[in-house]
Amino acid sequence: MNKIITLCLVLVIQTGICQQLEISALFPPQHDNTAATDTDIQVTFNAPVDTTSLAGQFVILGTLRGMYGFTVSVSPALDQVTLHPARPFLVGEEVKVTARNSLSGANGEAFPGYNWRFNVKPTKVTPPHFSEPLIFNDFFGDGNTAMYPADVNNDGHIDLVIANWANVLIALNDGMADFSLHQQFPVYYAEQADIPVTDLDLDGRMEIVTTHHIYEIDDSGYFQPVHDMPLRELRDVEDMNGDGYPDLISSDVVSIGPPEPIRNNVTILYNDASGQFSLADTLLTDDYITDAASGDFNNDGINDIAYSTSIYASPGGPGGRNSLTAIFMKSDGDTLHTRIYPGTLLNIISFPFQVLTVEYSNDHLLDVFIASLVNDLVIRSSGDGNFMIDSTIYIGGGDGYHRTSFADLNADGKMDYLIVDEIPGEFTGSVYYTLNAEGIGTFIEARNGAVPFHCVGADYNGDGALDVAALWSDGLRIYLNDTGLPIIPTEDFAAIFFDLDQNYPNPFNPATTIAFTLPQPATVQLDIFDLNGRLLTTIADGSFGAGRHEATWDGSTANGEPVASGMYFCRLSATVPSTGAGAVYTQTRKMLLMR
C-alpha cells in the first residue's frame, strides 16, 4: 500500500495531472482604472498551458467598441500568455477579458475559466472644464430614458444609442461630436428596463437587445432584427459561465398582488454562442426587484450579481423593503446570497431604483453603487464577500428620480460621479459631477424649462479627454471637456433655483457641512431636528445674498450638548421679502451621525 501511495505522489509531481490550472497574475490587474490605450494583456498561470488553438481560448470585449482581435505570444516556459490587441482601446472604455473554461494545461489540467475587467485611462490630463453645450434637437428624452455610448458602426467614433418609452434611436457621431439621427425602431414595451448594446456573437458587429428582438447592424450600416426575444426585464449583460459569450441578466415579474407584493425572478439567459438565448437559469425570487448589475465582487474570476428591492407595494397589497443583495456565483453553478444592505440601517436609502458596479474606492475591488430617492452611496467591497458603508465614499444624490454614471473626468485613474437631477414638482434640472472622494458637486449646466434624464461620459471628439452627453426633455446636449473652449457662463445657471445640498460628509463624525443655493437675496433659517421633530439648534439665521452659502453643524444642540448617533434632519427655510407677504421656500435633508 505504501508503495502505491508513493507511486501516485511521484506521478502527480512529475506530470501535474492532478493539479488544476489557475491564474496567478494579471496585467492590467482586475478592476484597474489606469490602463493605457495601447496596453497588452498579460496572463500568468501556475503551470504551462496547452498552446493548441490558444488564440481561441481568450476573448477581449470592450463596452464601447465590442470585439477586439489580437495576436498571442507565449513565454518559453509556456506559463505566461500575452495578448496583443490589433487596435488601441478607446479612452474611458471598460474592457472585459475572458480566459475561457475550454483552456487547459499542457498536461491536461482543467481550467474553470476566468473573467476580469479594467478601464482605459483618458490620455488628456486636464481638470474638468466643460464648454457651452452642442445642442441637437432631433433627440428627446422622457421619464424612462436611458442612453448608451458605443461605436455602433465601427468607424472609431463613439455614437449614442438612446432608448425612451417607445423607440430606440441611433445617433451617429462624425468624430467631432456632431450627432445626427441615423435610425430609429420601436421598443414595443413601455417598461423596458435596459437596452444592452454589445457584440453578442463575437463577430465584430454590435447588437442591440430590446424586449422583443435582437438587432444587428447590416452591411449597409442599419440595424435589422435577427432574432426574437421573449419578453424580459433586462438589467445587464455579462459572461456568467466563462465561455466568453455575453449572457443576459433579467428580473422578470412572476406575480403581481394583491394580496402579495410584486415578485420578480433573478434570471440568467445564457448565450448559445450564436447570439441567441434559449437556456434560462432562475437563481431566486424576491419582492419588487428594481434593478440589477453584475461584476466580480470577490476577485475569483466569476461574475456575481447585485440587485435592489424597493418598499413599493403592489396595488392593495403589502409593502416590501429597501434592500441590496449580492448573489455570489460559484464555478459549480451553485450560488451564495448575501444581503449587503438589509433595510435596517436607519433608512440611509429609500426607494432604490438604480444599481451599478464600479471600482470607486481605488483598491482594485469592485464596489456597488445604489441610487435612491433619499441618498446615493457607494457600498464598498472588502473582497471576501463582505461590504461596508463608508463615509468617505458617500456621494449624495436623492430628492427625485435621477440617473447616474461614472467616468474618469480628470484622468487621475479614479472614477468620478456623473448625475442628472431634477427639482421635484418643478420643470427644472441640472447636470453635475463629483470628483472621486471629494464629495462636492460641481454644476455642468442647470436650466429652467427642461428636465434631464440621463448622462454618460465618453470621448466624443477624439481629443483624449472624457466629455459628457446629457439627454434633456428638449434635446441632446454635448459638453466638451476642453480647456481651450469657453466654459458655460456661471451666471447662466449658478443659482436659478433654491436648493439645499446634501450634507457632506454623510454619515459624519464629528461635524458636517451643509450648503444651500439662493436665486435671489432671502432671509434664511437653517434648523436641525431629531427624529421626533424636536428643534435641536439653528445653524444659520439671517439675510443672505444670491448664490451658494455654507454652514457647519458640529453635532451638538444649541446648548452645546453633543447628540447621540442617529438620523437627524436639516431644514432650509428661505423667505423672499420682495414678493409682498414674503414667499417661503423650504427643503429638508436627512443626515446620519455615527460616533
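Residues numbered from 1 in each chain as written. Predicted model: local features only at pLDDT ≥ 70, side-chain atom pairs only at ≥ 80, totals over all residues. Heavy atoms only, no water.

1. Quick notes on the sheet that holds strand β27 (residues 335–341)
Here's step 1: Pairing within the open sheet is antiparallel, and its four strands lie in the order β24-β25-β26-β27. What marks the edges here is a single partner per strand, and that holds for β24 (289–295) and β27. With strand direction ignored, the average angle separating the axes of adjacent strands in the sheet is 20 degrees.
Here's step 2: Pairing analysis gives five bridges linking strand β25 (residues 304–309) to strand β26 (residues 323–329), with the strands arranged antiparallel. Within β26, the residue paired with Ala-306 across the bridge is Ala-326. (Pairing = 2+ DSSP bridges. Helix = DSSP H or I, 4+ residues; strand = E, 2+ residues; numbered from the N terminus. Axes fitted to C-alpha atoms, helices over the stretch in contact; angles between N-to-C directions.)

2. A few points about the environment of Gly-464
Here's step 1: Mapped onto the elements, Gly-464 comes out in the loop between β36 (452–458) and β37 (467–472).
Here's step 2: Looking at Gly-464, the relative accessible area reads 4%, which means it is buried.
Here's step 3: Between the C-alpha atom of Gly-464 and that of Gly-92, which follows or precedes it by 372 residues, the distance is 9.0 Å.
Here's step 4: Beyond its immediate sequence surroundings of up to four residues, Gly-464 is in contact with Val-91, Pro-122, Thr-123, Lys-124 and Asp-459. (Buried < 20%, exposed > 50% of the residue type's maximum accessible area, 1.4 Å probe, protein only. Contact = heavy atoms within 4.5 Å.)

3. Comments concerning the pairing of strand β8 (residues 94–99)
Here's step 1: Within β8, six of the six residues are buried, which leaves it mostly tucked inside the rest of the structure.
Here's step 2: Here β8 shows a buried face lined by Glu-94, Lys-96 and Thr-98 and a second buried face lined by Val-95, Val-97 and Ala-99.
Here's step 3: Strand direction decides the pairing type here: strand β4 (residues 58–62) and β8, joined by five bridges, are antiparallel. Counterpart to Leu-61 in the pairing with β8 is Lys-96.
Here's step 4: As paired strands, β8 and strand β9 (residues 114–120) are joined by six bridges and run antiparallel to one another. Considered in β9, the bridge of Val-97 is made with Trp-116.

4. Points about the pairing of strand β23 (residues 277–287)
Here's step 1: With nine bridges connecting them, strand β22 (residues 263–271) and β23 associate as antiparallel partners. When the bridges of β23 are listed, Asn-265 appears paired with Thr-285.
Here's step 2: Joining the antiparallel neighbours β22 and β23 is a turn of five residues, in which Ala-273 adopts a positive phi near 80 degrees.

5. Considering the confidence of the model for the protein
Here's step 1: Across the protein, pLDDT averages 84, with 84% of residues at or above 70.
Here's step 2: The weakest mean pLDDT in the protein belongs to helix α1 (residues 2–15) at 39; the strongest belongs to β8 at 98.
Here's step 3: Overall, residues 1–16 carries pLDDT values under 50, and its contacts beyond four positions in sequence, including any with other chains, amount to five contacts.
Here's step 4: This stretch, residues 313–319, has a pLDDT under 50; its non-local contacts, to residues over four places away or in other chains, come to 16 contacts. (pLDDT = per-residue confidence, 0-100.)

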